[in-house]
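Letter by letter, the chains look like this.
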Amino acid sequence: QVQLVESGGGLVQPGGSLRLSCAASGSIFRINAMGWYRQAPGQQRELVAAITSGGSINYADSVKGRFTISRDNAKNTVDLQMNSLKPEDTAVYYCNADVSTGWSRRAHYWGQGTQVTVSS
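A short tour of the structure in this document, coming up.

Here is what the cut-offs are and how they apply
Residues numbered from 1 in each chain as written. Predicted model: local features only at pLDDT ≥ 70, side-chain atom pairs only at ≥ 80, totals over all residues. Heavy atoms only, no water. Salt bridge = Lys/Arg side-chain N within 4 Å of Asp/Glu carboxyl O. Buried < 20%, exposed > 50% of the residue type's maximum accessible area, 1.4 Å probe, protein only. Helix = DSSP H or I, 4+ residues; strand = E, 2+ residues; numbered from the N terminus.

1. So, the pattern of salt bridges
Any two side chains of opposite charge can pair, so long as their charged atoms come close to each other.
Right, on to step 1. One pass over the structure, following the stated rule, counts 5 salt bridges.
Right, on to step 2. The closest approach of N and O atoms between Arg 38 and Glu 46, which form a salt bridge, is 2.9 Å.
Right, on to step 3. According to the relative accessible area criterion, Glu 46 is partly exposed, its value standing at 34%.
Right, on to step 4. Residue Asp 89 is joined to Arg 66 by a salt bridge in which the shortest nitrogen-to-oxygen separation is 2.8 Å. Of this pair, Asp 89 sits in the loop between strand S8 (77-82) and strand S9 (91-102) while Arg 66 sits in the loop between strand S6 (57-59) and strand S7 (67-72); the two residues are 23 residues apart in sequence, bridging distant segments of the chain. As far as burial versus exposure is concerned, Asp 89 and Arg 66 are alike and both buried.
Right, on to step 5. The network of salt bridges with shared partners includes Arg 38, Glu 46, Arg 66 and Asp 89.

What follows is the structure, given as structure tokens:
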């Protein structure tokens, strides 16, 4: 099937930076959008940033100006550069991809998640 694998999470001090990476593999015909979501304890999963194959980007207001999403269509990867991190950015971050596995088969796939903790 399709698998998404995230990497790059960890512990960082407030004001620091982390770079998350996600690689998609498997029976991929085409990937439309890829994005990053996060879920803090006791809260709903929320969209952080998303990017289409054509380069259109959406950011959550809370991260705009601090985070940057980028994509390599040839490698089926998406990265999230996170700068000026705040304690409220602490969450499990999940990669998501809108994947077509055939002309009439399309679904969203999720990575396993990577923990980001911002604390001194």
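2. Some remarks on unusual backbone geometry
Right, on to step 1. Notably, Asn 76 is not glycine yet its phi reads approximately 55°, a positive angle.
Right, on to step 2. Mapped onto the elements of the fold, Asn 76 is located in the loop between S7 and S8.
Right, on to step 3. Using a relative accessible area of 22% as the deciding quantity, one classes Asn 76 as partly exposed.
Right, on to step 4. Of note, Ser 84 is a non-glycine position whose phi angle comes to about 50°, a positive value.
Right, on to step 5. Summarising the element assignment, Ser 84 is placed in the loop between S8 and S9.

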